[in-house]
Amino acid sequence: MDLESIEIFLAVVRTRNVSKAAKILFISQSTVSYRLRLLEEELDCKLVERGRGQNQTCLTKEGEMFFPIAERLKNIRYDIESFKDISRHPSISIGCVESMAIYLLDELNNQVAERNNKVKMHFMINNSENIYEMLENGQVDLAYVIEPIRQKNISLTPLFTEQMVLVASDAMKLEGSSIHPNQLDIRDACQFDWKEQNLNTWFEHWFNPKELPYLKTNSPPFAFSFMKSHVCWSVVPHSMGKRLEREAGMKLYTIKEPPQERICYRAASNGRHTLYPDAIKYWDREMKRFILSKPWLETAKEK
């Protein structure tokens, strides 16, 4: 069966008009009429009623019955085209926490895309808890998480560690390269509401809980935008600090009495078949190379 005739039939159904169908398909009205006639001859029934000299159309009873079949046939054609594209371009689905995806892995993905455009990447950003569910359900091939939740069907491997650092607006005029929390005012802080690294506990230890920070959020992009236009300070992973230093002109400092270092884990489902294992191995090699190229990232050792 000629799938082009199927698309013409569907266009006529949607527009209820031969000339409009011809217009959106960039073909002549006579071609629309001819293709419809061929389709009706093949199916041995009349699908469309049209008055003599009129462009308006309506479906016959047989046309109404054939319409959902035509929709399925069209979808199958698209599926075949998609399969052909996938077979030429292997794809990997990766789940990732927001702070790592936006301020670290975006750089790696750009490098991979420049060197190898055959592997297509699909990043799904979420929190650690939801990412574990995505792994269990087979929505992603592998994932990067910060919170290590041990589950029977998921393998968890420490990937790298990075220190938490202080970033501050140049206008704050902090002296030295290492800052103690006692030198900071919580009212100038952009505080991340993260469970990881016991960050909230660290703030509660060093600052009066009755005094509120300038901003408190769990969204890195929201905080990033805020810090670019306000005089403030924040405690962030080193990778995010480097980006703020480069793009927002903020100063980077080490912290005396810092929070716990951040550990990133590679998570994958045990025993689940992946469609493109070689593509995943390629990505893993690129990830390792990328980590080694960043002096502030330290390859993690499995405990």
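Scope of this entry: the structure provided in the associated data block. All figures in this text were calculated on a predicted structure; none of them were measured in a lab.

**Quick look at the overall build of the protein chain**
Helix and strand counts for the protein chain come out as 10 helices and 14 strands. Scaling as 2.2 N^0.38, a compact globule of 303 residues should have a C-alpha radius of gyration of about 19 Å, whereas the protein chain reaches 29 Å, well beyond that. Each of the three principal axes of the protein chain carries a C-alpha extent, and together these read 90 × 45 × 35 Å. Taking all 303 residues of the protein chain together, the buried fraction comes to 41%. A sequence separation of at least 24 residues applies to 75% of the contacts in the protein chain between residues at least 6 apart. Surface accessibility of the protein chain: about 17,100 Å² in total, with carbon and sulfur atoms responsible for 49%. A gap of 3 Å separates the mean positions of the 41 positive and 41 negative side-chain charges of the protein chain.

**So, the sheet that holds strand 7 (residues 164-168)**
Reading across the sheet, the 4 strands line up as 8-12-7-11 and stay open at both edges, with mixed pairing between neighbours. Of all the strands in the sheet, the pair left with one neighbour each is strand 8 (178-179) and strand 11 (233-237). Bridge analysis of strand 7 against strand 11 gives 5 bridges, and the strand direction is antiparallel. Residue pairing for strand 11: alanine 168 is matched across the bridge by tryptophan 233.

**Things to note about the side chain of threonine 60**
Within the secondary structure, threonine 60 is located in the loop between strand 2 (57-59) and helix 4 (61-88). Residue class for threonine 60 comes out buried when judged on its relative accessible area of 9%. Separated by 3.0 Å, the side chain of threonine 60 and the backbone nitrogen of glycine 63 make a polar contact. Each residue touching threonine 60, except ones within four places of it in the same chain, is listed here: Lys46, Leu47, Val48 and Glu49.

**Considering the environment of aspartate 284**
Mapped onto the elements, aspartate 284 comes out in helix 10 (residues 277-293). Residues aspartate 284 and serine 234, spaced 50 residues apart in sequence, show a C-alpha to C-alpha distance of 31 Å. Ignoring anything within four residues of it in the chain, the contact list for aspartate 284 reads Tyr144 and Arg266. Here arginine 266 takes part through its side chain, which lies 3.0 Å from a polar atom of the side chain of aspartate 284.

**Regarding the state of the cysteines**
The final tally for this structure, using the stated rule, is 0 disulfides. No disulfide involves cysteine 96; its nearest neighbouring cysteine sulfur is the one of cysteine 264, lying 6.7 Å away. Here cysteine 190 is not disulfide-linked; the sulfur of cysteine 232 is the nearest cysteine sulfur, at 5.7 Å.

**Things to note about the layout of surface pockets**
Of the pockets and cavities examined, the second largest pocket occupies roughly 270 Å³. At the level of secondary structure, the elements contributing two or more residues to the lining of the second largest pocket comprise helix 3 (29-43) and strand 1 (48-50). Ranked by the residues each element gives to the lining of the second largest pocket, the list is headed by helix 3, at 4 residues.

**Some remarks on the sheet that holds strand 5 (residues 142-145)**
Spatially, 4-3-5-13-6-14 is the arrangement adopted by the 6 strands of the open sheet, whose pairing is mixed. Strands at the two margins of the open sheet, each flanked by one partner only, are strand 4 (120-125) and strand 14 (298-299). Pairing of strand 3 (residues 91-96) with strand 5 involves 3 bridges; the strand directions are parallel. Directly across from cysteine 96, in strand 5, lies its bridge partner tyrosine 144.

**Some points on the packing of aromatic side chains**
The tally for this structure, following the rule as stated, stands at 10 aromatic pairs. When the ring of tyrosine 214 is compared with that of phenylalanine 226, the centres are 5.1 Å apart and the planes differ by 85°; the resulting orientation is edge-to-face. Linking tyrosine 214 in the loop between helix 7 (199-206) and strand 10 (215-217) with phenylalanine 226 in helix 8 (residues 220-229), this pair joins segments that are 12 residues apart in sequence. Taking relative accessible area as the criterion, phenylalanine 226 reaches 14% and is therefore assigned buried. Chaining the aromatic ring pairs together yields one cluster made of Trp202, Phe203, Phe207 and Trp233.

**Re the packing of helix 1 (residues 3-15) against helix 3**
Axis separation between helix 1 and helix 3 bottoms out at 9 Å; the angle between their running directions is 110°. In terms of orientation, helix 1 lies roughly perpendicular with respect to helix 3. The two elements helix 1 and helix 3 meet at a crossing, and its hand is left-handed. Residues Glu4, Ser5, Ile6, Ile8, Phe9 and Val12 of helix 1 pack against Val32, Arg35, Leu36 and Leu39 of helix 3. For the contact of helix 1 with helix 3, the per-class residue count stands at 7 nonpolar, 1 polar and 2 charged.

Calculation rules
- Residues numbered from 1 in each chain as written.
- Predicted model: local features only at pLDDT ≥ 70, side-chain atom pairs only at ≥ 80, totals over all residues.
- Heavy atoms only, no water.
- Helix = DSSP H or I, 4+ residues; strand = E, 2+ residues; numbered from the N terminus.
- Rg over C-alpha atoms; globule rule 2.2 N^0.38 Å.
- Buried < 20%, exposed > 50% of the residue type's maximum accessible area, 1.4 Å probe, protein only.
- Contact = heavy atoms within 4.5 Å.
- Areas by Shrake-Rupley, 256 points an atom, 1.4 Å probe, with all protein chains shown as cover.
- Lys, Arg positive; Asp, Glu negative; His and termini not counted.
- Charge placed at Lys NZ, Arg CZ, Asp CG, Glu CD.
- Pairing = 2+ DSSP bridges.
- Polar contact = N/O pair within 3.5 Å; in protein donor to acceptor, adjacent residues only side chain to side chain.
- Disulfide = S-S within 2.5 Å.
- 1 Å grid on protein atoms, 1.4 Å probe; cavity = no way out; pocket = protein on both sides within 12 Å on 5 of 7 lines; lining within 4 Å.
- Points joined across faces, edges and corners; volume = space filled by probe spheres on them.
- Phe/Tyr/Trp six-rings, centres within 6.5 Å; stacked < 30°, edge-to-face > 60°.
- Axes fitted to C-alpha atoms, helices over the stretch in contact; angles between N-to-C directions.
- Parallel < 35°, antiparallel > 145°, perpendicular 65-115°, else oblique.
- Left-handed = near helix turned anticlockwise from the far one by under 90°.
- Nonpolar A, V, L, I, M, F, W, Y, C, P; charged D, E, K, R; others polar.

All we've got here are geometric facts, nothing functional implied.
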